[in-house]
2 protein chains.
Amino acid sequence: MVEAVPLSLYRATVKREWVDYNNHLRDGYYMVVFSEAIDAFMDLIFMGDAERRATMTTIYTLEAHINFLREIKESEEVEVRAQLIGHDQKRFQLFLTMHADRLGKETAATAEYIVINIDNSGTPRSAPFRAEVAAALGRIWQEHKDLPKPANSGRSIALARK
Amino acid sequence: MVEAVPLSLYRATVKREWVDYNNHLRDGYYMVVFSEAIDAFMDLIFMGDAERRATMTTIYTLEAHINFLREIKESEEVEVRAQLIGHDQKRFQLFLTMHADRLGKETAATAEYIVINIDNSGTPRSAPFRAEVAAALGRIWQEHKDLPKPANSGRSIALARK
């Protein structure tokens, strides 16, 4: 499957402790890489680690869906790209694709996330994004809103599909 | 959300390197725990590591969907439980729930997987399960087929839901 999205977010090299006895990236560690890519996206929208501490906000991942399309090997460098699928006052929906040079245009994996903003100043609770975060999301949305929706976006698990 | 399923598969203690600066289990590492629980399920159906090597078979995870419902803390012990949602000649669909004593009946997370059997004797390709594996899946299916489908089974990612 070829599914490339516009925004290059993150590069990582597959660590020895992430692979199984076949020297292939284990399924759970695809998610660790995607999670680190989400951190890179947070940096872009003014919600990096230091900004979260300073503003007593954080994010929670509510939901994620991953499709494993190709194997990734130990020591291979992977790139994660992103497309913003939507956002509201408190949440965003982000579609991610994982790539490796060896695979050319073939996508190694896709992942879709819903993430919610949390006010951490007292008991953690959901809250609207800070103004500069909402503005950053709005700018990315202007660039992404007319892109075609990726084929795996909104997908649900089912044996009967094929 | 209370969503407990019948088959206790796996227990793990949350490691220091799995938590974020809030001492909460990071999203990607929920998937690492669920992936280890899938290994325990493979042991149950005669596809443990040694049996896979001996029979030149393995499994690939095709797809996964996770809902993050409650936080899990460093050093906390978690339990993963499972319900078989369906299977065919080559694949099974397994629904998992994560629990911790502190949370009582509240479920910490749910995950649903589709896993496919692979013949590794030459170029890896999908193949029907070995007979004893198919028989083991059939026995579990007899126990699980009349259970209600978990609320999060077959769920798709969408901002519009709430």
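The structure presented is a predicted model; accordingly, all values stated were derived computationally and were not measured.

Thresholds applied
Residues numbered from 1 in each chain as written. Chains lettered and ligands numbered in written order. Predicted model: local features only at pLDDT ≥ 70, side-chain atom pairs only at ≥ 80, totals over all residues. Heavy atoms only, no water. Contact = heavy atoms within 4.5 Å. Buried area = accessible area lost by both parts, 1.4 Å probe. Salt bridge = Lys/Arg side-chain N within 4 Å of Asp/Glu carboxyl O. Polar contact = N/O pair within 3.5 Å; in protein donor to acceptor, adjacent residues only side chain to side chain. Helix = DSSP H or I, 4+ residues; strand = E, 2+ residues; numbered from the N terminus. Pairing = 2+ DSSP bridges. Axes fitted to C-alpha atoms, helices over the stretch in contact; angles between N-to-C directions. Parallel < 35°, antiparallel > 145°, perpendicular 65-115°, else oblique. Nonpolar A, V, L, I, M, F, W, Y, C, P; charged D, E, K, R; others polar. Buried < 20%, exposed > 50% of the residue type's maximum accessible area, 1.4 Å probe, protein only.

1. Let's talk about the interface of chain B and chain A
Moving on, step 1. Across the boundary between the two partners, chain B contributes 44 residues, which contact 44 residues of chain A.
Moving on, step 2. Carbon and sulfur atoms supply 50% of the area that chain B and chain A bury against each other, a total of about 3,700 Å² over both sides.
Moving on, step 3. The interface formed by chain B and chain A includes 4 salt bridges.
Moving on, step 4. Linking Asp39 of chain A and Arg26 of chain B is a salt bridge whose minimum nitrogen-to-oxygen distance equals 3.1 Å.
Moving on, step 5. Summed over the shared surface of chain B and chain A, the number is 25 residue pairs in polar contact (both at pLDDT 80 or more).
Moving on, step 6. When residues of the side of chain B that touches chain A are traced back to their parent elements, those giving at least two are helix H1 (27–44), helix H2 (49–55), strand S2 (57–68), strand S3 (77–87), strand S4 (91–100) and strand S5 (109–119) of chain B.
Moving on, step 7. With 11 residues, S2 of chain B is the largest single contributor of residues to the side of chain B that touches chain A.
Moving on, step 8. For strand S2 (residues 57–68) of chain A and S2 of chain B, the ladder comprises 5 bridges, and the chain directions are antiparallel. Bridged to Ala64 of chain A within S2 of chain B is Ile66 of chain B.

2. Some words on the packing of helix H1 (residues 27–44) of chain A against H1 of chain B
Moving on, step 1. It is the contact of H1 of chain A with H1 of chain B, at a shortest axis distance of 8 Å, that shows an interaxial angle of 180°. Taken together, the axes of H1 of chain A and H1 of chain B are roughly antiparallel relative to one another. Residues Asp27, Gly28, Tyr29, Met31, Val32 and Ser35 of chain A of H1 of chain A pack against Asp27, Gly28, Tyr29, Met31, Val32 and Ser35 of chain B of H1 of chain B.
Moving on, step 2. When its residues are assigned to classes, the contact of H1 of chain A with H1 of chain B shows 6 nonpolar, 4 polar and 2 charged.

3. What about the pattern of salt bridges?
Residues and elements named next belong to chain A.
Moving on, step 1. Under the definition given, this model contains 28 salt bridges over all chains.
Moving on, step 2. Here Glu132 and Arg130 are joined by a salt bridge, their closest N and O atoms 2.3 Å apart.
Moving on, step 3. Overall, Glu132 belongs to the partly exposed group, its relative accessible area being 40%.
Moving on, step 4. Under the relative-accessibility criterion, Arg130 is labelled buried at 18%.
Moving on, step 5. Connected through salt bridges with shared partners, the residues Arg11, Glu77, Glu79 and Arg81 form a single ionic network.

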